[in-house]
Amino acid sequence: MKRAKIEAGHAGTLDQERHLHFVAPGDVITTDTGFMRGHGTYTEDGKLIASVAGVVERVNKLICVKPMKSRYNGEVGDVIVGRIIEVQQKRWKVDTFSRLESVLLLSSVNLPGGVLRRRGAQDELMMRDYFEEGDLISAEVQQVFSDGSLSLHTRSLKYGKLTQGTLLTVPPSLVKRCKNHFHNLLCGASVILGNNGYIWITPLVSDDHQQPQFRFQTPAGGASSVERVDKLVTKEERETIARLRNCIVALVQQRIMLFDTSIQYTYDASLRYEVKELLRPEVMEEISEPARSIPLD
């Protein structure tokens, strides 16, 4: 927990707070009385103090601490990676690493060919042609219910079923909230940084269609079908995915925020080592060092 303390002391100026990343219980976040107290903080003697170990988040004048180890608390608009765990009537149950199972309604997915119409009995019978138990999907949080459960949707070409890649689980607090969570990295791989802590790494995909492995068809008979289009993953692509995965593991071990720039910096620093050497503790610390200096703003 020594690294969780503020490097420059417990100063309360705005400039110093911009460099604040992690805090431990009892650390002084700020002495400025102009800030409002949020979750994971309390006030004492005019100081705002952290009550949990985690990442400091500031929205305007509101300061809160997001715990390091906790289940995912969804917000509307979050990009998530989840796994289908059950097919029910007109809906799928999805594991999103939250306290409760999330739901994906049949009315919240794209129909074959992008047709806009009401879902009928035929669509309900074909639900397992779209998603079945064990499938990985990318989706967006559409609604947060009063009990904390989430309603998802995949009404975009960039969302849908995920294939030909590897899944990595990290603490949700280490995933930086950005405008875009779909990244085509210069190293030749694509990553989806789910706000829920699930990260998907796959060979490079095109910008105009994030998930081209599945194509919907409507034959002349009128019955819709889903055609699977898998491409061969080369040995070089597999090595790139494995290296990228180990780089993200190194960043997680060093408690460094995950976003496209930090991952690319760490990947570039790892090129002097073999893929299997990246999991050694001393190598993890070395290759993640360039990402420490990246500003989070």
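As a reminder, the structure under discussion sits directly above these lines.
Everything quoted here is computed from the prediction, not taken from an experiment. (Residues numbered from 1 in each chain as written. Predicted model: local features only at pLDDT ≥ 70, side-chain atom pairs only at ≥ 80, totals over all residues. Heavy atoms only, no water.)

### Observations concerning the overall build of the protein
- When helices and strands are counted, the protein shows seven helices and 19 strands.
- Per-residue burial over the protein gives 46% buried out of 297 residues.
- The contacts of the protein with a sequence gap of at least 6 include a subset with a gap of at least 24, amounting to 58%.
- Carbon and sulfur atoms make up 50% of the accessible area of the protein, which totals about 15,700 Å². (Helix = DSSP H or I, 4+ residues; strand = E, 2+ residues; numbered from the N terminus. Buried < 20%, exposed > 50% of the residue type's maximum accessible area, 1.4 Å probe, protein only. Contact = heavy atoms within 4.5 Å. Areas by Shrake-Rupley, 256 points an atom, 1.4 Å probe, with all protein chains shown as cover.)

### Notes on the pairing of strand β5 (residues 47–50)
- One ladder, built from two bridges, connects strand β2 (residues 28–30) with β5; its direction is antiparallel. Residue V28 lies in a different strand from β5, and its bridge partner there is I49.
- What sits between the antiparallel neighbours strand β4 (residues 41–44) and β5 is a turn of two residues, in which D45 has the positive phi angle 55 degrees. (Pairing = 2+ DSSP bridges.)

### Some details on the environment of R280
- Relative to the assigned elements, R280 resides in the loop between α5 (260–270) and α6 (281–287).
- Here R280 falls in the partly exposed class, since its relative accessible area comes to 38%.
- Along the primary structure R280 and A250 are separated by 30 residues, whereas in three dimensions their C-alpha atoms are 9.1 Å apart.

### Here we look at the pattern of salt bridges
- Tallying each qualifying case throughout the model produces seven salt bridges.
- In this structure, E133 engages R128 in a salt bridge whose closest nitrogen and oxygen atoms are separated by 2.7 Å.
- E289 is the salt-bridge partner of R292, the closest N and O atoms lying 3.2 Å from each other. In this pair, R292 and E289 are both assigned in helix α7 (residues 289–292), three residues apart and thus about one turn of the helix distant.
- For E289, a relative accessible area of 42% translates into the label partly exposed.
- Residues joined by salt bridges that share partners form a network here, namely E75, D78 and R177. (Salt bridge = Lys/Arg side-chain N within 4 Å of Asp/Glu carboxyl O.)

### Quick look at helix α4 (residues 235–253)
- Taking 1.5 Å of rise per residue, 19 residues should cover 27 Å, and α4 covers 27 Å from first to last C-alpha, within 8% of that figure.
- Among the structural elements, β14 (166–169), β16 (189–193), β17 (198–203), α5, α6 and α7 are those in contact with the buried residues of α4.
- Backbone geometry just downstream of α4 places R255 in the positive-phi region, at approximately 60 degrees. (Expected span 1.5 Å × (residues − 1).)

### Some points on the sheet that holds β14
- Taken in spatial order, the four strands make up an open sheet running β14-β17-β16-β15, and their pairing is antiparallel. Lying at the two open borders of the sheet, with one neighbouring strand each, are β14 and β15 (182–184). When strand polarity is set aside, the average angle formed by the axes of neighbouring strands in this sheet is 20 degrees.
- Taken together, the four bridges between β14 and β17 define a ladder with antiparallel strand orientation. (Axes fitted to C-alpha atoms, helices over the stretch in contact; angles between N-to-C directions.)

### Focus on the nonpolar core
- By size, the foremost hydrophobic cluster in this structure holds 36 residues, and its most contacted members are V170, I199, L244 and I248.
- Among the elements that make up this core, the one with the highest residue count is α4 (eight residues).
- The contacts of V170, once residues within four sequence positions are left out, are V175, G197, I199, I248, V252 and L258.
- Core analysis: the next-biggest nonpolar cluster, separate from the first, contains 29 residues, Y72, V94, M127 and I192 among them. (Core = buried A, V, L, I, M, F, W, Y, C linked by side-chain atoms within 4.5 Å.)

### Observations concerning a nonpolar patch on the surface
- Taken together, the side chains of M36, V59 and L62 present a nonpolar region at the surface, about 280 Å² in accessible area.
- Following the sequence through the fold, V59 ends up in strand β6 (residues 54–59).
- Using a relative accessible area of 55% as the deciding quantity, one classes V59 as exposed. (Patch = residues over 30% accessible without salt bridge, like charges linked within 9 Å, V, L, I, M, F, W, Y side chains within 5 Å.)

### Focus on the sheet that holds β2
- Strand order in the open sheet formed by three strands is β2-β5-β4, and the pairing between neighbours is antiparallel. Each of the sheet's edge strands pairs with one partner strand only, and the pair in question is β2 and β4. Going across the sheet, the axis of each strand differs from the next one's by a mean of 45 degrees, ignoring polarity.
- Judged from the four bridges that link them, β4 and β5 form a sheet pairing that is antiparallel. When the bridges of β5 are listed, T41 appears paired with A50.

### So, α5
- Within the span of α5, buried status applies to S262, I263, Q264, T266, Y267, A269 and S270.
- Its buried side turned inward, α5 meets β16, α4, α6 and α7.

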